[in-house]
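Understanding the architecture of this molecule
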Amino acid sequence: MLRPGGGAVTGWAALAWLGARWFDGSTPAGGCRPVDLAVWNRIRPHAGVAICEEGINPADVIVVHGLPITIPVRSVCFAMRYAANVRDAVRTLDMAAYDDLVSIDEMRIYAGTRPRTGLSSWTGIPLCREATELSDENRWSPQEVTMGMIWVLDARLPRARFNVPIFDRSGRHICTPDLLDEEAGVVGEYNGSLHLQGSQPALDVRREEVYRELGLESFTMMAGDASDPETMARRMLAARSRARWLAPERRAWTSQPPAWWTSTETVAQRRALSASQRERFLRYRAA
């Protein structure tokens with residue numbers, strides 16, 4: 001341990017230590033991120049370790065399986081503050097929320113305790129706060145975050161909802177699209193490489209048919225579309241222009257769940273589930 005005088009692992013590595021699915025330390029180029037170590041006293045640099053000397057509150061440190069780490073909200077805040085841009089910062093919070101390690105409200109409160117400027121300010125607090133307001137607690141993958149950021153920042157469209165179950169008028173669950181623009185009646189799907197395997201292409205075709213039957217206009221985002229957000233934004237806008245814009249009472253579908261449905265759209269709702277309920281209700285998301 002490289003911690004003379006005390007300190008703790010923070011950032012992505014602390015979240016990975018807690019079992020967070022989407023924090024493996026890899027970079028987009030396939031390299032490895034250094035482990036961020038928050039310390040009270042200056043120590044010598046070490047390969048593979050990034051030293052942070054901005055100060056650490058002992059109340060923000062916990063010990064998990066023998067390793068001192070910062071609490072989840074502090075670890076996420078650190079990673080957001082040092083993100084390359086607002087999209088990466090949103091991705092950090094959304095994927096931490098995926099594992100219910102931190103909620104948007106918890107991040108608002110925590111980041112709100114730090115001043116924007118002055119000697120006691122932290123680097124990147126304005127970025128953290130900006131990203132928090134763009135985040136969503138129900139995105140299931142980094143690719144869905146990318147889709148959401150193109151929708152809002154490039155296409156400049158109103159906030160959409162993610163992974164919202166759609167029902168017919170009898171209360172039967174029909175589908176759960178990646179993105180839902182409820183006002184216009186537009187759904188978006190991200191199709192990665194898994195959608196080219198086995199029976200998945202046929203399932204995707206059937207899904208498109210279901211959307212048409214319900215009167216929903218759809219668009220699909222592929223892996224390569226992330227590198228060309230302007231073109232993807234135009235396709236989103238085109239889908240919205242084709243949409244039917246039906247009043248709620250005229251739609252063949254609804255996002256209002258029946259009384260028997262257990263909602264899992266927020267961190268608070270998922271934290272309230274029992275272990276058996278998490279296994280039952282969240283297994284589709286994990287797959």
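Presented here is an overview of the structure given in this document. (Residues numbered from 1 in each chain as written. Predicted model: local features only at pLDDT ≥ 70, side-chain atom pairs only at ≥ 80, totals over all residues. Heavy atoms only, no water.)

**Description of the pattern of salt bridges**
Any two side chains of opposite charge can pair, given that their charged atoms come close. Following the criterion strictly, the structure yields 17 salt bridges and no others. The salt bridge involving Asp154 is made with Arg87; its shortest N-O contact spans 2.7 Å. Here Asp154, found in helix H6 (residues 142-154), pairs with Arg87, found in helix H3 (residues 86-98); they are 67 residues apart in sequence, far enough to count as distant. The partly exposed category is assigned to Asp154, whose relative accessible area is 26%. The class of Arg87 is partly exposed, set by a relative accessible area of 26%. Between Glu182 and Arg161 there is a salt bridge, with its nearest N and O atoms 3.1 Å apart. Of this pair, Glu182 sits in the loop between strand E9 (179-181) and strand E10 (186-191) while Arg161 is found in strand E6 (residues 161-162), placing the two residues 21 residues apart along the sequence. Under the relative-accessibility criterion, Glu182 is labelled partly exposed at 25%. (Salt bridge = Lys/Arg side-chain N within 4 Å of Asp/Glu carboxyl O. Helix = DSSP H or I, 4+ residues; strand = E, 2+ residues; numbered from the N terminus. Buried < 20%, exposed > 50% of the residue type's maximum accessible area, 1.4 Å probe, protein only.)

**Considering the side chain of Arg139**
Within the secondary structure, Arg139 is located in the loop between helix H5 (125-132) and H6. Among the polar contacts listed, one links the side chain of Arg139 to the side chain of Asp94, at a separation of 2.5 Å. (Polar contact = N/O pair within 3.5 Å; in protein donor to acceptor, adjacent residues only side chain to side chain.)

**Side note on unusual backbone geometry**
Backbone geometry at His65 places phi at a positive 50 degrees, although glycine is not the residue there. His65 gets classed as exposed once you look at its relative accessible area, which sits at 72%. Of note in this structure, Asn163 is not a glycine but carries a positive phi near 55 degrees. In this structure, Asn163 sits in the loop between E6 and strand E7 (166-168).

**With respect to the sheet that holds E7**
The antiparallel open sheet is built from three strands, whose spatial order is E8-E7-E12. Every interior strand has two partners, whereas the edge strands, strand E8 (173-175) and strand E12 (253-254), have only one. Note: E7 against E8, two bridges, orientation antiparallel. Paired with Phe167 across the two strands is His173, which belongs to E8. (Pairing = 2+ DSSP bridges.)

**Considerations on the sheet that holds E6**
Strand order across the open sheet formed by four strands is E6-E9-E10-E11, with mixed pairing between neighbours. Edge strands, defined here as strands with exactly one partner in the open sheet, are E6 and strand E11 (217-222). Looking at chain direction, E6 and E9 are connected through two bridges and run antiparallel. When the bridges of E9 are listed, Arg161 appears paired with Leu180. Strands E9, E10 and E11 of the sheet are contacted by helix H8 (residues 229-242), whose axis makes an angle of about 170 degrees with E11. (Contact = heavy atoms within 4.5 Å. Axes fitted to C-alpha atoms, helices over the stretch in contact; angles between N-to-C directions.)

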